Amino acid sequence: EAGSISSVVYATNFSINQAGILSGTSQQCQFSGTVSPHKSVNVFDAVITFKGGTCVLGANSLKGIAYYDSSSKRLLMSVLNTARDDNFIFSGSKQ
């Protein structure tokens, strides 16, 4: 499909506790959410809510999936807004 594509890359840090509660920051933008098991090992349902203010995605909640590769300690996550025209994609390693 024809159209323009844009991308914004920011350093992002967050933590997920044992209950699946996520909290973090990216470029002074605060966000929180949940990560819960999705039928198979290492695949999760993810919901992230951005707190507005300096957040590029405003004060929106996005839903999607996450995958954790335990051998490489890498988390991949993609969540979309309701209209499915904006997203947050994360790829990072557990420290």
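Our structure's up above, just so we're on the same page.
Residues numbered from 1 in each chain as written. Predicted model: local features only at pLDDT ≥ 70, side-chain atom pairs only at ≥ 80, totals over all residues. Heavy atoms only, no water.

Peer 1: Which residues make up the environment of Val35, and what are the values?
Peer 2: Tracing the backbone shows Val35 in strand 3 (residues 29-38). By relative accessible area, which is 13% here, Val35 ends up buried. For the pair Val35 and Ile65, spaced 30 residues apart in the sequence, the C-alpha separation amounts to 8.5 Å. Sequence-distant contacts of Val35, defined by excluding residues within four places in its chain, comprise Ile16, Gly20, Leu22, Phe44 and Asp45. (Helix = DSSP H or I, 4+ residues; strand = E, 2+ residues; numbered from the N terminus. Buried < 20%, exposed > 50% of the residue type's maximum accessible area, 1.4 Å probe, protein only. Contact = heavy atoms within 4.5 Å.)

Peer 1: Talk me through the state of the cysteines; I want residue IDs and the actual numbers.
Peer 2: This structure, assessed with the given rule, holds one disulfide. For Cys29, the disulfide goes to Cys55, at an S-S distance of 1.9 Å. Handedness here is read from the sign of the S-S torsion; for Cys29 and Cys55, about 95 degrees, the answer is right-handed. Of this pair, Cys29 sits in strand 3 while Cys55 is found in the loop between strand 4 (40-50) and strand 5 (61-69), placing the two residues 26 residues apart along the sequence. (Disulfide = S-S within 2.5 Å.)

Peer 1: Go over unusual backbone geometry with me, naming the residues and quoting the values.
Peer 2: Backbone geometry at Gln27 places phi at a positive 50 degrees, although glycine is not the residue there. Among the secondary structure elements, Gln27 is positioned in the loop between strand 2 (21-26) and strand 3. Despite not being glycine, Arg84 shows a phi value in the positive range, around 60 degrees. Counting through the fold element by element, Arg84 comes out in the loop between strand 6 (74-80) and strand 7 (87-93).

Peer 1: Before we move on, can you summarise the nonpolar core with the specific residues and values?
Peer 2: Core analysis: the largest hydrophobic core is formed by 16 residues, its most contacted members being Leu22, Ile48, Phe50, Leu62, Met77, Val79 and Phe88. Those elements that place two or more of their residues in this core are strand 3, strand 4, strand 5, strand 6 and strand 7. Those residues within four positions of Met77 in sequence are excluded, and the remaining contacts are Phe14, Leu22, Ala46, Ile48, Ile65, Ala66, Phe88, Ile89 and Phe90. (Core = buried A, V, L, I, M, F, W, Y, C linked by side-chain atoms within 4.5 Å.)

Peer 1: So, the side chain of Asn81: which residues are in play, and what are the values?
Peer 2: Relative to the helices and strands, Asn81 is located in the loop between strand 6 and strand 7. Among the polar contacts made by the side chain of Asn81, one reaches the main-chain amide nitrogen of Arg84 at a distance of 2.9 Å. A polar contact of 2.8 Å, which involves the side chain of Asn81, links it to the side chain of Asp85. Each residue touching Asn81, except ones within four places of it in the same chain, is listed here: Ser61, Leu62 and Asp86. (Polar contact = N/O pair within 3.5 Å; in protein donor to acceptor, adjacent residues only side chain to side chain.)

Peer 1: Describe the sheet that holds strand 4, and please don't skip the residues or the numbers.
Peer 2: Spatially, the seven strands line up as an open sheet ordered 1-2-3-4-5-6-7, and their pairing is antiparallel. Looking at strand neighbours, the two that pair on one side only are strand 1 (12-16) and strand 7, the edges of this open sheet. Mean inter-strand twist for the sheet, computed between neighbouring axes without regard to direction, equals 20 degrees. (Pairing = 2+ DSSP bridges. Axes fitted to C-alpha atoms, helices over the stretch in contact; angles between N-to-C directions.)

These results come straight from atomic positions and should not be treated as a statement about function.
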